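Analysis of the macromolecular model
The residues making up each chain are set out below.
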Amino acid sequence: MNTEHFGRHRRKIMPVELPSHPGDQADYATLSAYASEKATLLNRHVLGYGEFVEGEWAALGLDAPDLEAIRKYRLGRIRQQLGARDLGAAILCDPLNVRYATDSTNMQVWSTHNAVRYTFVALEGPVVAFDFHNCEHLSAHNLLVDEMRHGIPWFYFEAGPRSAELAVKWADELADLVRTHGGGNSRIAVDKVRREGVTALEAHGLQLHDGEEVMELARAIKCPDEIKAMRRSIASCEAAMREMEEALVPGMTEWDLWSLLHAGNIRRGGEWIETHLLSSGPRTNPWFQEASSREIEAGDLLAFDTDLVGPYGMCCDISRTWLCGDGQPTNEQRALYQMASDQIEANMKMLAPGRSFRELSHDGTSLPEDYLANRYSVLFHGVGLCDEYPAVPYPSDWESGGYDGVLEPGMVVCVESYVGRHGGHEGVKLEDQVLITESGYECLSTYPLDERLLGRRF
């Protein structure tokens, strides 16, 4: 299905002027055009974020990003990576890669395990987006999407024993797009596809190459308007964190507190939270306990990792640890917190364009021996629409999984610390989100550390 009938309204923003109803007796095609145009104008990406959160952002002096500029930049980044590898097109099935290419959303979490949304991007040619049944209007706001089509649902839930048959039909349609728009190049990038789909594409003589590499490297460098969007997402996340901290009292459950971050995110137009990482007291050591029904007690450490996908689909991945109640921390709690704070501060100061991942790993501030067993999985990692390339491990993990590369201006990385003694009672999780600039770095996350745990307030 093409989107020509959206033309005269696609640049409008709130308030929208809805089309006039053509009358119940209008023919099928006219009613379809009306419904699609109305749905397009009422798309969440067209309506915007509303007065409440826009007011919060205005009070902080956070400018609005130019979404058309972001969409154009992202498509250019994809095509740059395709051209560098002599690839004629990309077939994108990962929902976050689809979001990057189309700036459209549809049941984002559901579509992570039901592969009904996918996008074809030609190196020199159209962007064709495929979506769920009767959802063509969801990408019509993006002027760079040239055509919308129904996706072929060949995952087993919908296709059942016809899955293999529909995988062939899926591949036939995409192979036809490659033949028509690939400029004779049969080398294409594919990110995440089940083996039946791979076999069906290869049966057309297509040579499949690593689409994850293409997309991770494309997404790694953010344009200025993406950074504006990220600043707003972080501000919204931190406003929800403030609501959490103000509500934190002994006797509430971890779930009670965690629900406030979710509520604050959704209220501000955010999208979802990737993990469930909030724990208290003895559940903070070792790390990676998910939030539970445990009642938080006075004197407990309360630690969490936001892993939050907020407004504009931009990830805010920061961690904080608080002391619950009105009392004073123990010496051990202060020592854990100071160690984590010092590690974050020292490692953040290493960040600069041209710094290699190996340097960050091997020259970064590590932990004492009796804390290394509980070390976090990385010292640094990239972030954008989610946690992204690169990942920089501790030096002891370099040989098994490390890889080199360099920081570049426009990258955004998170600086991580988890400090919990091996076999200890509690632990501290801290993390900040940092932009690599032309001359160094800028810490984008601003939520304050706990003054009592730093020994600055008694």
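Here, the structure is the one placed above.
Here goes a summary of the coordinates provided. (Residues numbered from 1 in each chain as written. Predicted model: local features only at pLDDT ≥ 70, side-chain atom pairs only at ≥ 80, totals over all residues. Heavy atoms only, no water.)

**A few points about the sheet that holds strand β7 (residues 272-273)**
Two pairing modes exist for strands in a sheet, parallel and antiparallel, and in both the strands are linked by backbone hydrogen bonds. Rules: Note on pairing: two strands pair once DSSP finds at least 2 bridges between them. Runs of H or I in DSSP of at least four residues are treated as helices and runs of E of at least two as strands, each being numbered from the N terminus.
The strand order across the open sheet formed by 3 strands is β7-β10-β11, and the pairing between neighbours is antiparallel. Each edge of the sheet is formed by a strand with only one pairing partner; in this case those strands are β7 and β11 (315-316). Sheet topology places β7 next to strand β10 (residues 308-309); 2 bridges connect them, and they run antiparallel. Residue I273 lies in a different strand from β10, and its bridge partner there is L308.

**Description of unusual backbone geometry**
The condition that has to hold: The rule is simple: take the accessible area with a 1.4 Å probe, protein chains only, and divide by the maximum for that residue type; under 20% is buried, over 50% is exposed, in between is partly exposed.
Following N285, the chain continues into P286 via a peptide bond in cis, with omega recorded as 0°. Relative to the elements of secondary structure, P286 occurs in the loop between β8 (278-280) and β9 (301-305). One non-glycine residue, D86, lies in positive phi territory at about 55°. Tracing the backbone shows D86 in the loop between α4 (67-84) and β1 (89-92). Residue class for D86 comes out partly exposed when judged on its relative accessible area of 47%. With a phi angle near 60°, N134 is a residue other than glycine that sits in the positive phi range. Looking at the element boundaries, N134 is found in the loop between β3 (127-131) and β4 (147-150).

**Let's talk about the packing of α4 against helix α10 (residues 224-247)**
Here is the rule: Between N-to-C directions, angles cover 0 to 180 degrees, with each direction set by a line fitted to C-alpha atoms, over the stretch in contact for helices. Each angle is binned into one of four classes, with values under 35 degrees roughly parallel, values over 145 roughly antiparallel, values of 65 to 115 roughly perpendicular, and all other values oblique. We call a crossing left-handed when the near helix sits turned anticlockwise from the far one by less than a right angle, and right-handed when that turn is clockwise. In what follows, residue pairs with any heavy atoms lying within 4.5 Å of each other are defined as contacts. In this classification, Asp, Glu, Lys and Arg are treated as charged, Ala, Val, Leu, Ile, Met, Phe, Trp, Tyr, Cys and Pro as nonpolar, and every other residue, Gly included, as polar.
Two numbers describe how α4 lies on α10: the axes approach to 8 Å, and their chain directions differ by 120°. Between α4 and α10, the crossing angle belongs to the class labelled oblique. Note that α4 runs across α10; the crossing there is left-handed. Between α4, through A69, I70, Y73 and R74, and α10, the contact on the second element is made entirely by D225, E226 and A229. By residue class, the composition of the contact of α4 with α10 is 4 nonpolar, no polar and 3 charged.

**Regarding the packing of α4 against helix α9 (residues 211-220)**
Two elements in contact, α4 and α9, have axes separated by 9 Å at closest approach and are oriented at 130°. One finds that α4 runs oblique with respect to α9. For the pair α4 and α9, the crossing hand works out as right-handed. The residues of α9 that touch α4, namely those facing R77, I78, Q81 and L82, are V214, M215, L217 and A218. Residues of the contact of α4 with α9, tallied by class, amount to 6 nonpolar, 1 polar and 1 charged.

**Some points on empty space enclosed by the protein**
Test applied: Grid points spaced at 1 Å over the protein atoms alone were grouped into cavities, where a 1.4 Å probe fits but cannot get out, and pockets, open sets with protein on both sides within 12 Å along at least five of seven lines, with lining residues defined by an atom within 4 Å of a point. Grid points are joined across faces, edges and corners, and a volume is the space filled by probe spheres set on the points.
For the structure shown, the criterion picks out 1 cavity of 30 Å³ or more. If you add up the space inside the largest cavity, you get close to 40 Å³. Forming the walls of the largest cavity are R74, Y100, R219, K222, E226, M314, G384, L385 and E388. Looking at side-chain class alone, the lining of the largest cavity contains 3 nonpolar, 1 polar and 5 charged residues.

**Let's talk about the side chain of N97**
On the secondary structure map, N97 appears in helix α5 (residues 95-102). Its relative accessible area of 3% is what places N97 among the buried residues. Apart from residues no more than four positions distant in its own chain, N97 is found in contact with L92, D191, M215 and R219.

**So, the pairing of β3**
Counting buried positions along β3 yields 5 of 5 residues, so the element is predominantly enclosed. The alternating pattern of β3 places V127, A129 and D131 and V128 and F130 on opposite faces, both of which are buried. For strand β2 (residues 118-122) and β3, the ladder comprises 4 bridges, and the chain directions are antiparallel. Looking at the pairing, F120 lines up with V128 of β3.

**Considerations on the sheet that holds β1**
In space, the 6 strands of this open sheet follow the order β4-β3-β2-β1-β5-β6, with mixed pairing throughout. The strands lining the two open edges of the sheet, one partner per strand, are β4 and β6 (207-210). Averaged over all pairs of adjacent strands, the angle between strand axes in this sheet comes to 25°, irrespective of strand direction. Sheet analysis places β1 next to strand β5 (residues 187-190), joined by 3 bridges and oriented parallel.

**Structural notes on the pattern of salt bridges**
Keep this limit in mind: One side-chain nitrogen of Lys or Arg within 4 Å of one carboxyl oxygen of Asp or Glu is enough to make a salt bridge.
Per the stated rule, a full pass over the model turns up 33 salt bridges. Two residues, R231 and E442, come together in a salt bridge whose shortest N-O distance is 2.8 Å. Note that R231 is positioned in helix α10 and E442 in strand β17 (residues 441-443), a separation of 211 residues in sequence. Classification of R231 by relative accessible area gives partly exposed; the value is 29%. Close ionic contact of R294 with E297 constitutes a salt bridge, the shortest N to O distance being 3.8 Å. Here the salt bridges do not stand alone but share partners, grouping R44, E68, R71, R99, D103 and E271 into one network.

**Digging into the side chain of R268**
To be explicit about the condition: Two N or O atoms form a polar contact when they lie within 3.5 Å of each other; inside protein one atom must be a possible hydrogen donor and the other a possible acceptor, and for residues adjacent in sequence the pair counts only when both atoms belong to side chains.
One can find R268 in the loop between α11 (254-267) and β7. From its side chain, R268 meets the backbone oxygen of G264 in a polar contact 3.1 Å long. Discounting residues that sit within four places of it in the chain, R268 has contacts with Y49, F52, V53, E56, S236, A239, A240, E243 and P311.

**Structural notes on the environment of R358**
Within the secondary structure, R358 sits in helix α13 (residues 357-363). For the pair R358 and M411, spaced 53 residues apart in sequence, the C-alpha separation works out to 17 Å. Residues within four places of R358 in sequence aside, it is in contact with D363, W398 and D404.

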